[in-house]
Amino acid sequence: MDNKRNNESRERIFNAIKAAAPTVSMDLDIIQKEAQDILAESEFARPKLLAEDAPEALVNRINAGLVIGTSCEIVASLEDLPHSVNQFLNKYSLPPELKVQNVPKLQSLNWESLSIDVDLQKDNTVGMCWAEYGVAETGSFVVHSSPEMPILLNFLPLYLIAVIPKSKILHYMDDYALIASEIANRGETPRNMCLISGVSGTTDIEGVLVQGAHGPEISHIIIVEDQ
Amino acid sequence: MHANKPENFYQNVTEALAQPDLKMIIRRTTDKAETKRAEAIANFPEFEKARQQGQKVKDHTIKYMDHYLAEFEKNAAAQGTIVHWASTGEEASKIVLDICRQHEAKKVTRSKSMLGEEIGLSHALDNSGIERVETDLAEHIIQLAGDPPSHIVWPAMHRSREDVIKLFREFHKDPTYSEEITDLVRSARRDLRTKFLTSDIGISGSNFLLADSGSSCTVTNEGNAELTITPPKVHIVTAGIEKLVPSMAHAVPLLRLLTRSATGGEITQYITFHNGPKRPNDADGPEECHIVLVDNGRTKMLADGMEEMLRCIRCGACMNHCVVYKHIGGHAYGSVYPGPMGSVLTPHLDSLKVANKQTHACTLNGRCEEVCPVNIPLPKLLRALRAESWQKKYEPLTNRYVVKAYAQLAKRPRMFQFVSSCGVVFMKLFSRQGWIKSMPFTGGWTRNRDLIEPESKTFMQQYKASKKAKSSGGR
Ligand code: SF4
């Protein structure tokens, strides 16, 4: 990096801002209070949920067809996942193989005849991920990058199954923002935090919606009760 | 297609209006966007409150911009991001190119960024011999066609399905011979997939920069941003300094407004917060992350009293609802940013001298302000630019004389009424079945559309007649 040039540009930009708005207070408390006051309005400026209970609201949103290309189901325990996956593969006439995220709670399940390690670089594959959170407002699941979570797992397959623990379904995006800030305070912010609300879609040709533009065409959310 | 210049606005408009299908192609998308937005707002009764909150978030950040910029810089550096500052677009492009050269990049993938277009990054990369791969489907189409973007959300809206079929057959390795839109999208998916995975550097824009964490946020429906950013070793973000917000919680209200206003959806499919390079042992992600913070006229907007324009979240609603945009499309504006927001931005990014005609193209019907999710008073800003243009004498002499003559006339009511009556009689001479196809001094109007026949009497004559009728009726 050309440090001299960089510093000069930085100074020029800051000087120009100061020259344009010279009277602004730089009292940190005032700035923070103003910023907080704006957030207090969120309660009155966000959409109503489709149910009071967050998991129910998320399910209702998906079942109402409001989350593009996405279906969902609730299972009683993790042990039910292989069965649900089999049903999903049968529904779309897919071969008995998928890429299951490399986390012990998923890997240790009894997958029986299913192969759980396919090469995602090939197209037309199925991926299965463990989501950190769900968000009822938007019908989203949230994934965080980590040694066990390759972000590409959520973007390369044509079919994606996301598992969300029921207790981790939040009401609003604001609730997730609060959690993200707590994670940051602990100094544990992951490289990527992705809110995924539907499948990869485009309306770029004649305004017609096509699913599976680059990533998943079909997505299925499995909510697990006992987590 | 050559890129139009803003200073040739009238000529660009003439050419656009002469394209027989352009209006139909544009309206296919903008009308749909208009309807879908209306539905989304109807389903969100809290929209007005959300809009006020969104405006407050932006105004607060702009008011303390230096504080939040310094915060962002500190926190991004703490995440391991290398922060660069660029006063101009040229400087920003050079920074990106230098990083590419340092890493001996042969291929870069890019996810859609209007700022990238604004700073001329596409041309800079092309001229440097580095292979540039646009990964947003619309950007992919216009890259193959060699077109500039014509809309900030749907950059390829001026291209028909037939155009796309031809382009994909010519350029894709394994093209489809089907004419179905789904198959065309699949063809692009196949073509781009290997490019995503073999790119040396991923370049993205940013919808929001979070000051308290130093994160950048991308928002897409295709998921191409994550595919652009994750596989390569290096990620470069280019972002305007106005993209700042205090925190993720402050970005949330803007996210609610952005999608509803842009496409009529409730939320975009992929919202990702990027926090520097990959952590040790992360399964994937770039090893190096740069962010280039760009001014390029934004501080000038602050100084010129145009700070309201810095609220813009690039949703495109103003152009979807603009009667002028719907007729002439985006290319006629000769700028990366078309429509009402472009007519305010371009004079600052370029100069008012070259882009003053766009400010006059507006009918001031106020639709853009009505639909803007952050309450930008676009008509007021356009009027201010018109006034400045007048003061600086940028209007052609003939216009200035006509306006001065009109001003003189308007100060003399009797004379004004006499001339208006003569005008009505004169226009009637050229009218056929309620329409005027051509008439002296109106070539600019009648070249591309008919002029409606005036009422038989002037407004004042009608007003007096109705007043008289009322008073005699009341007696
Ligand atoms: S000016 Fe308002 S309506 Fe237009 S793009 Fe910007 S935010 Fe959207």
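The written sequence of each chain sets the order in which its residues are numbered from 1. Think of it this way: whatever chain is written first is A, whatever ligand is written first is 1, and the rest follow in order. Only residues with pLDDT of 70 or above have their local features reported here, since the model is predicted, and side-chain atom pairs are shown and tallied only from 80 upward, although totals for entire chains, interfaces and linings are computed over all residues. Only hydrogens and water are set aside; all other atoms, that is, all heavy atoms of the structure, feed into the side-chain values.

Asker: Which residues make up the overall build of chain A, and what values go with them?
Answerer: When helices and strands are counted, chain A shows six helices and 11 strands. Relative to the compact-globule value of 17 Å for 227 residues, chain A shows a C-alpha radius of gyration of 22 Å, a clear excess of over 25%. Burial classification: accessible surface area is computed with a 1.4 Å probe over protein chains only, and a residue below 20% of its type maximum counts as buried, one above 50% as exposed, and the rest as partly exposed. Of all 227 residues assigned to chain A, the portion counted as buried reaches 55%. Note on contacts: a residue pair qualifies if any of its non-hydrogen atoms lie within 4.5 Å across the two residues. Considering only contacts in chain A between residues 6 or more positions apart, those separated by 24 or more positions represent 69%. As displayed, chain A has an accessible area near 9800 Å², and 49% of this comes from carbon and sulfur atoms. Computing the positive centroid from 17 side-chain charges and the negative centroid from 32, chain A places the two 8 Å apart. Think of it this way: any DSSP run of H or I at least four residues long counts as a helix, any run of E at least two long counts as a strand, and we number them from the N terminus. Only C-alpha atoms enter the radius of gyration; for comparison, a globular chain is expected to reach 2.2 Å times N to the power 0.38, where N is the number of residues. Here the Shrake-Rupley method, with its probe set to 1.4 Å, supplies the accessible areas, and only the displayed protein chains count as covering residues. The sign given to each residue is positive for Lys and Arg and negative for Asp and Glu; His and the chain ends receive no count. Taken as the charge location is NZ of Lys, CZ of Arg, CG of Asp or CD of Glu.

Asker: I'd love a proper account of the domain arrangement of chain B, names of residues and values included.
Answerer: Interface size is commonly expressed as the accessible surface area that is lost when the partners come together. For the domains described, the bounds stem from an automatic or database domain assignment. Partitioning chain B into structural domains gives domain 1 (39-299) and domain 2 (401-474). For domain 1 of chain B versus domain 2 of chain B, the distance between C-alpha centres works out to 51 Å.

Asker: Please give an account of the pattern of salt bridges that cites residues and values.
Answerer: Residues and elements named next belong to chain B. Salt bridges are defined by distance alone: a side-chain nitrogen of Lys or Arg within 4 Å of a carboxyl oxygen of Asp or Glu. Here the structure, examined in full by the defined rule, presents 46 salt bridges over all chains. A salt bridge links arginine 159 to aspartate 147, with the nearest nitrogen and oxygen atoms 2.7 Å apart. In this pair, arginine 159 is assigned in the loop between helix 8 (137-145) and helix 9 (161-171) and aspartate 147 in the loop between helix 8 and helix 9, connecting sequence segments 12 residues apart. Since its relative accessible area comes to 9%, aspartate 147 is described here as buried. The closest approach of N and O atoms between arginine 298 and glutamate 242, which form a salt bridge, is 2.6 Å. With a gap of 56 residues between them, arginine 298 in helix 13 (residues 298-303) and glutamate 242 in the loop between strand 7 (234-240) and strand 8 (244-245) connect regions that are remote in the sequence. Taking relative accessible area as the criterion, arginine 298 reaches 3% and is therefore assigned buried. Here the salt bridges share partners, and the residues they tie into one network are Arg27, Asp31, Glu34, Lys326, Arg367 and Glu370.

Asker: With reference to specific residues and values, describe the nonpolar core.
Answerer: Think of a nonpolar core as a cluster: buried Ala, Val, Leu, Ile, Met, Phe, Trp, Tyr and Cys residues, connected wherever their side-chain atoms sit within 4.5 Å. Formed by 101 residues in total, the largest nonpolar core has its most connected members in A:Tyr176, B:Leu69, B:Phe208, B:Leu293, B:Met309 and B:Met341. Top contributing element to this core by residue count: helix 12 (residues 248-262) of chain B, with nine residues. Apart from the residues lying within four places of it in its own chain, the contact partners of B:Phe208 are B:Ser215, B:Ser216, B:Cys217, B:Lys243, B:Val245, B:Ala251, B:Leu254, B:Leu255 and B:Ile313.

Asker: Please set out the environment of A:Pro150 residue by residue, giving values where relevant.
Answerer: Position of A:Pro150 relative to the elements: it lies in the loop between strand 5 (140-144) and strand 6 (159-165). Residue A:Pro150 is classed as partly exposed on the basis of its relative accessible area, which comes to 24%. For the pair A:Pro150 and A:Gln101, spaced 49 residues apart in the sequence, the C-alpha separation amounts to 8.2 Å. The residues touching A:Pro150, leaving out its near neighbours within four places in the chain, are B:Ala283 and B:Asp284.

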